[in-house]
Amino acid sequence: MSYVIGIDLGTSAVKALLLDKNGAIVAEASKSYPLFHEHSGWSEQRPDDWVDGTIAALRELTSQPNVNADAIEGISFSGQMHGLVLLDEAGNPVRNAILWNDTRTTAQCREIEFTLGEQLLSITRNPALEGFTLPKILWVKQHEPENFEKSKLFLLPKDYVRYRLTGELHMDYSDAAGTLLLDVAGKSWSASVLEAFGLPASFCPPLVESHGLVGTLLPQSADDTGLPASTKVFAGGADNACGAIGAGILEEGLTMCSIGTSGVILSYEKNSASDFGGKVHFFNHGKEDAFYAMGVTLAAGYSLSWFKNTFAKGESYDELLSGIEAIKPGSNGLLFTPYLVGERTPHADSVIRASFIGVDGSHERKHFARAVMEGITFSLNESVDMFRKAGKTVDRVISIGGGAQNPVWLQMQADIFNANVIALENEQGPGLGAAMLAAYGCGWFDSLDACASQFVKHAAVYEPNEAAVEQYAGLFAIYQQVYAQTQGLNESLKAYR
Ligand SMILES: Nc1ncnc2c1ncn2[C@@H]1O[C@H](COP(=O)(O)OP(=O)(O)O)[C@@H](O)[C@H]1O
Ligand SMILES: O=C(CO)[C@@H](O)[C@H](O)COP(=O)(O)O
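Worth saying up front: this structure is predicted, and the values here are computed from it rather than measured. (Residues numbered from 1 in each chain as written. Chains lettered and ligands numbered in written order. Predicted model: local features only at pLDDT ≥ 70, side-chain atom pairs only at ≥ 80, totals over all residues. Heavy atoms only, no water.)

**Student:** How should the layout of surface pockets be read in this particular structure?
**Tutor:** The rolling of a water-molecule-sized probe over the atoms marks out the regions of remaining empty space. Taken as a whole, the second largest pocket encloses approximately 380 Å³ of empty space. Thr103, Thr106, Ser350, Val351 and Lys494 are the residues nearest the centre of the second largest pocket, which is lined by 18 residues in total. Grouping the constituent residues of the lining of the second largest pocket by class yields 6 nonpolar, 5 polar and 7 charged. (1 Å grid on protein atoms, 1.4 Å probe; cavity = no way out; pocket = protein on both sides within 12 Å on 5 of 7 lines; lining within 4 Å. Points joined across faces, edges and corners; volume = space filled by probe spheres on them. Nonpolar A, V, L, I, M, F, W, Y, C, P; charged D, E, K, R; others polar.)

**Student:** Which parts of the structure should I look at to understand the site of ligand 1?
**Tutor:** Surveying the vicinity of ligand 1 reveals 16 residues, the closest of which are Ser12, Lys15, Thr261, Gly301 and Gly402. In this structure, an oxygen atom belonging to ligand 1 sits 3.1 Å away from a side-chain N or O atom of Lys15. One of the side-chain N or O atoms of Thr261 is found 2.6 Å from an oxygen atom in ligand 1. Summarising the interface, the protein chains cover 82% of the accessible area of ligand 1, which totals 580 Å² for the free molecule. When residues of the shell around ligand 1 are traced back to their parent elements, those giving at least two are helix H11 (301-311) and helix H12 (317-321). The element contributing the most residues to the shell around ligand 1 is H11, with 3 residues. Across the shell around ligand 1, the residue classes tally to 5 nonpolar, 10 polar and 1 charged. (Near = heavy atom within 4 Å. Polar contact = N/O pair within 3.5 Å; in protein donor to acceptor, adjacent residues only side chain to side chain. Areas by Shrake-Rupley, 256 points an atom, 1.4 Å probe, with all protein chains shown as cover. Helix = DSSP H or I, 4+ residues; strand = E, 2+ residues; numbered from the N terminus.)

**Student:** Is there a simple way to think about the site of ligand 2 in this case?
**Tutor:** The immediate surroundings of ligand 2 are formed by 13 residues, with Thr11, His82, Asp239, Ser262 and Arg344 found nearest. Take Thr11: an N or O atom from its side chain is 2.5 Å from an oxygen atom of ligand 2. Within the complex, the protein chains bury 92% of what would otherwise be the 370 Å² of accessible surface of ligand 2. Grouping the constituent residues of the shell around ligand 2 by class yields 3 nonpolar, 8 polar and 2 charged.

**Student:** Please explain the domain arrangement of the chain as it appears in this structure.
**Tutor:** Bring the parts together and some accessible area is lost; that lost area is often taken as the interface size. We note that the domain assignment places domain 1 (3-240) and domain 2 (248-428 + 465-497) within the chain. For domain 1 versus domain 2, the distance between C-alpha centres works out to 26 Å. Taken together, the contact pairs 32 residues of domain 1 with 31 residues of domain 2. For the pairing of domain 1 and domain 2, the buried interface totals around 2,400 Å² over both sides, and the portion due to carbon and sulfur atoms is 55%. Contact with domain 2 buries area across many residues of domain 1, yet Trp100, Arg125 and Asn240 alone supply 26% of it, more than any other trio. One salt bridge in this structure joins Asp289 and Lys187, with 2.7 Å as the shortest N-O distance. In this assembly, domain 1 and domain 2 are joined by 6 residue pairs in polar contact (both at pLDDT 80 or more). Those elements that provide at least two residues to the side of domain 1 that touches domain 2 are strand E3 (25-32), helix H3 (119-124) and helix H7 (173-176). Classifying every residue of the side of domain 1 that touches domain 2 gives 14 nonpolar, 13 polar and 5 charged. (Domains from an automatic or database assignment. Contact = heavy atoms within 4.5 Å. Buried area = accessible area lost by both parts, 1.4 Å probe. Salt bridge = Lys/Arg side-chain N within 4 Å of Asp/Glu carboxyl O.)

**Student:** Honestly, the UniProt feature "domain: Carbohydrate kinase FGGY C-terminal" (unreviewed entry) in the chain in this entry has me stumped. Any pointers?
**Tutor:** Here the UniProt-annotated "domain: Carbohydrate kinase FGGY C-terminal" (unreviewed entry) positions come out as residues 256-441. Helix makes up 34% of residues 256-441 and strand makes up 20%, while its end C-alpha atoms are separated by 24 Å. (UniProt positions renumbered as here; feature names shortened; annotations may be inferred.)

**Student:** I would appreciate a short explanation of the packing of aromatic side chains in the present structure.
**Tutor:** The geometry of an aromatic ring pair is captured by the separation of the ring centres together with the interplanar angle, meaning the angle of the planes. According to the stated counting rule, one finds 20 aromatic pairs in the structure shown. Consider the rings of Phe276 and Phe387, whose centres lie 5.7 Å apart with planes at 80°: the pair is edge-to-face. Of the two residues, Phe276 sits in the loop between strand E17 (263-269) and strand E18 (281-284) while Phe387 sits in helix H13 (residues 365-389), which places them 111 residues apart along the sequence. For Phe276, a relative accessible area of 16% corresponds to the buried category. Judged by centre distance (5.6 Å) and plane angle (15°), the ring pair of Phe282 and Phe291 falls under stacked. A connected cluster of aromatic rings, assembled from ring pairs, spans Phe148, Phe154, Trp189 and Phe203. A cation sits over an aromatic face here: Lys187 above Tyr173, 4.6 Å from the ring centre. (Phe/Tyr/Trp six-rings, centres within 6.5 Å; stacked < 30°, edge-to-face > 60°. Buried < 20%, exposed > 50% of the residue type's maximum accessible area, 1.4 Å probe, protein only. Lys NZ or Arg CZ within 6 Å of the ring centre and 35° of its normal.)

**Student:** Explain the pattern of salt bridges here, please?
**Tutor:** Oppositely charged side chains can pair when the atoms bearing their charge come close. Scanning all chains against the criterion turns up 21 salt bridges. The partner of Asp449 in a salt bridge is Lys287, with the nearest N and O atoms 3.3 Å apart. Of this pair, Asp449 sits in helix H16 (residues 448-455) while Lys287 sits in the loop between E18 and strand E19 (291-297); the two residues are 162 residues apart in sequence, bridging distant segments of the chain. You can call Asp449 partly exposed: its relative accessible area is 32%. The class for Lys287 is buried, based on a relative accessible area of 18%.

**Student:** Quick question: what am I supposed to make of the sheet that holds E19 here?
**Tutor:** Each strand in a sheet pairs with its neighbour through backbone hydrogen bonds, running either in the same direction (parallel) or in the opposite one (antiparallel). Reading across the sheet, the 7 strands line up as E18-E19-E17-E16-E22-E23-E24 and stay open at both edges, with mixed pairing between neighbours. If you trace the sheet from one side to the other, it starts and ends with E18 and strand E24 (458-462), each paired once. Neighbour-to-neighbour, the strand axes of this sheet turn through a mean angle of 30°, independent of strand direction. With 4 bridges joining them, E18 and E19 adopt antiparallel strand pairing. Each bridged residue has a counterpart across the sheet, and for Phe283 the counterpart in E19 is Tyr292. (Pairing = 2+ DSSP bridges. Axes fitted to C-alpha atoms, helices over the stretch in contact; angles between N-to-C directions.)

This is how it looks when you write it as structure tokens:
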């Protein structure tokens, strides 16, 4: 039996999955790495921590007694999006990577809007948001000119790891789409955008398809990981594109809800001209010549992990969430907005912060925990609402990510989205999509769709409960008012952070 590996380079950890030709998971390994928040709103990681973590996870996989490493044919990647890795002439990182959830670049976003005007949306198909890559490049240019001077080329997180394993420099379209430097419909680096910001074409790596073969392993990487040097390495994709592939979102009709650190509502688009006026992100898919639109909640799973780490340290999610099923929709009048690190959709705002509204003496910790889950799901429902208003049907939602592990949360999603929510057997998030790109790249299947019919297996379906749908519709209308009511207060509080 042959195998492929999917690497999911996440924000908190890298996860490696080994799959056989039937799509069965044979082995998995995970390694975590630190995040650095030197100032409020900053978020950085050391690129070499990703490389060390990936090598250690691969070594653990190949050392497992049930794994025949010689039978591993291919490997591919899913990566946290947008993070800026700057390389010097010798191919070494110039500084720490600035991540997707770093919000220091508001001034650079305004500069991009001013410089590009209407071209911003017509070429890049996206608004200028703090998380995207171009504002980070401009920030380094303005604030660290000595580092910028040394920078010869930029990569995104998974591209750096792949580069270190293969010696080859590439970026795939799905990840390049999140840089604001790509002509999304034309699938090429935008000469106009590069020129507008004085960046040479050589600053961008060659573009490839997500299932594209970029090479094999360097002898040293083969030694370090225990993989055969002949292992084929495929480009891989952005974590949300890979999440969509792993959830079988390969044609119009299905919607994905992903609750990881961030949260995403994603809809497949076959038409490059689909226009949401910049209200949601519009990116190239990991499937060739396809696209997707998505809304992003910056602190989705992070809101719950923050709550757990702060008020239930050392407890498991199951312990924290025990008893929440008995609480009625609305957590007895307690509302949470998940703006712990600012927000993206529908309020692109780096200053807004979270709030609990309606706290009273009867509320226990479990009411707060339920309110956090409801607030995250309301935030995602803003994206569902936006897609519906743009004329899309959202009636079947595939739910993935850590948030899909709790059945009460899956039912809550069905009730708040007013749609059938489908869980997956063996939910593995973007790592599965990465492994599918390797399986397709190795020629095991004629198409990604054929691979999905073998690898993606639906499990339980959660149907909306009519009474809860009605309750949540009323609560959602109240939730939607909290942003405007707290915006000015947060502007004033900014000086005290
Ligand atoms: N058992 C669980 N019940 C409910 N939520 C969970 C559970 N396990 C994880 N989560 C949520 O999922 C999040 C992690 O999801 P994951 O997909 O692993 O994130 P990432 O890939 O961004 O590191 C946590 O922050 C938490 O909110
Ligand atoms: O910024 C985005 C998408 O635009 C995030 O989705 C990141 O790509 C990483 O998210 P996690 O998988 O760590 O939640």
